[in-house]
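So you can see what is in the structure, the chains are spelled out below.
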Amino acid sequence: MSADLAPFAIADLLREDLRGRTPYGAPQLDVPVALNTNESSYEVPTPVVEAIVAALGSELAGLNRYPDREFRALRAALGAYLERQSGVRLAPEQLWAGNGSNEVLQHIVQTFGGPGRTALGFTPAYSMHPIITETLGTTWMDGQRDTGTFQVSAASAAAQAAAADPHIVFLCSPNNPTGTALDFEVIEAVLDAAPRAIVVVDEAYAEFARPGTRSALELLDHHPRLVVTRTMSKAFAFAGGRLGYLAATPEIIDALRLVRLPYHLSTPTQTIARIALDHDADLLASVEAIKTQRDRIVTEVAALGLTPVPSDANFVLFGGLADSARTFAALLEKGVLVRDVGISHHLRVTAGTPAETSAFLEALAELLPEHALAPDDKES
Ligand SMILES: *Cc1c(COP(=O)(O)O)cnc(C)c1O
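About the thresholds
- Residues numbered from 1 in each chain as written.
- Predicted model: local features only at pLDDT ≥ 70, side-chain atom pairs only at ≥ 80, totals over all residues.
- Heavy atoms only, no water.
- Helix = DSSP H or I, 4+ residues; strand = E, 2+ residues; numbered from the N terminus.
- Expected span 1.5 Å × (residues − 1).
- Buried < 20%, exposed > 50% of the residue type's maximum accessible area, 1.4 Å probe, protein only.
- Arc of directions from axis to C-beta.
- Axes fitted to C-alpha atoms, helices over the stretch in contact; angles between N-to-C directions.
- Left-handed = near helix turned anticlockwise from the far one by under 90°.
- Contact = heavy atoms within 4.5 Å.
- Domains from an automatic or database assignment.
- Buried area = accessible area lost by both parts, 1.4 Å probe.
- Salt bridge = Lys/Arg side-chain N within 4 Å of Asp/Glu carboxyl O.
- Patch = residues over 30% accessible without salt bridge, like charges linked within 9 Å, V, L, I, M, F, W, Y side chains within 5 Å.
- Areas by Shrake-Rupley, 256 points an atom, 1.4 Å probe, with all protein chains shown as cover.

(A) Helix α2 (residues 46-57), seen in detail. Under the 1.5 Å per step criterion, the end-to-end length of α2 is 16 Å for 12 residues, consistent within 8% with the ideal 16 Å. For α2, the full list of buried residues reads Val48, Ile52, Ala55 and Leu56. Projected onto a plane normal to the axis of α2, the buried residues spread over an arc of 95° and lie on a single side. Those residues of α2 that are exposed and aimed more than 90 degrees away from the buried face are Thr46, Glu50, Val53, Ala54 and Gly57.

Here is the structure:
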């Protein structure tokens, strides 16, 4: 094929609403201390690896067949896990899964959004919520959190939801990148104020929440438009396994079947995730250690004179920096990769092993006070 037979450049053929966009891109750099994507720093424990290898071994010859389209064994394992973790009992018909929770979020927007429809979120929140929304031709409406605290009150969320009257609302609890969980009051106020909306509570970090934090799974019985999403990428230390899931009414789950690609969960994916869920105690054993490092980051970053946001997740957002981009680069120079989430004067850091956390704290301390916001500028 010769070039002159192509009258259009590919850029001209691109969907108008995708032109000028850049792909999602947290850097994947080979650095000594990678604390930028909220992965677990702990490897999959050997007994779990062995159990997975054994289970896969007996299934590989059967890969000539398509996988179970309804992933029934995996659903049973997800339901059993959620009951152990949260005390909420869910039937297999209330559970859905995908290749990461990003895929189940995409299924929700494909099913309930689309051209002419809107989705509301309260920023700063998870950057993939607007990306998934807009790449599916749905209009994103940017709701706001209270400045300073990064919280959103029930009254403010309800007023914004009522004004927008969206088809989908994204809530994130604990919220990425700010770290804090939402009160039930906020979730219920949004359900009331947005009467035609599917309300998604993204609980990717639920297992890290501080004691007393309740899961929105408890609300499912009373709210037929509520969807709670979870993932094995964070607390389960299973980001490479690519398994996210959600809980909702059977009617919502049934509707998601209209948009999923047939056999979207491969046989190995279903098996790997199922065995991992059966070994939840082993995989979640590092959660307490990670929470200890998270709380240590909050305490020590505050002692350095910076302003951490309290966290229910496996990361901490902290402010008080003169120039986040400059501090990000200086930390990277010292081998520590954190995340610049685009909030001025702030950076986000994942809680790693004790040694990784120490490396981060030491590198940060070496940059202060030079990298700190001058006292006079703190109000800005
Ligand atoms: C990391 C994260 C996810 C997880 O995405 P996966 O596709 O399951 O890896 C979902 N939501 C939020 C808020 C996250 O931070």
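(B) Looking closely at the packing of α2 against helix α9 (residues 267-278). In contact at an axis separation of 9 Å, α2 and α9 are set at 145° when each is read in the N-to-C sense. Seen along the crossing, α2 lies across α9 with a hand that is right-handed. Where α2 abuts α9, its residues Val48, Ala51, Ile52, Ala55 and Leu56 lie against Pro268, Thr271, Ile272, Ile275 and Ala276.

(C) How the structure looks around the domain arrangement of the chain. As far as domains go, the chain holds domain 1 (27-42 + 285-379) and domain 2 (46-278). Here domain 1 and domain 2 have C-alpha centroids that lie 27 Å from each other. Of the roughly 1700 Å² buried between domain 1 and domain 2, counting both surfaces, carbon and sulfur atoms make up 60%. Among the residues domain 1 hides against domain 2, the three largest losses belong to Val287, Asp312 and Phe315. Together they make up 32% of the total. Across the pair Arg210 and Asp312 runs a salt bridge whose closest N-O atoms are separated by 2.8 Å.

(D) View of a nonpolar patch on the surface. On the surface, a nonpolar cluster with roughly 370 Å² of combined accessible area is contributed by Phe8, Ile10 and Leu13. With respect to the helices, strands and loops of the structure, Leu13 is situated in helix α1 (residues 10-13).

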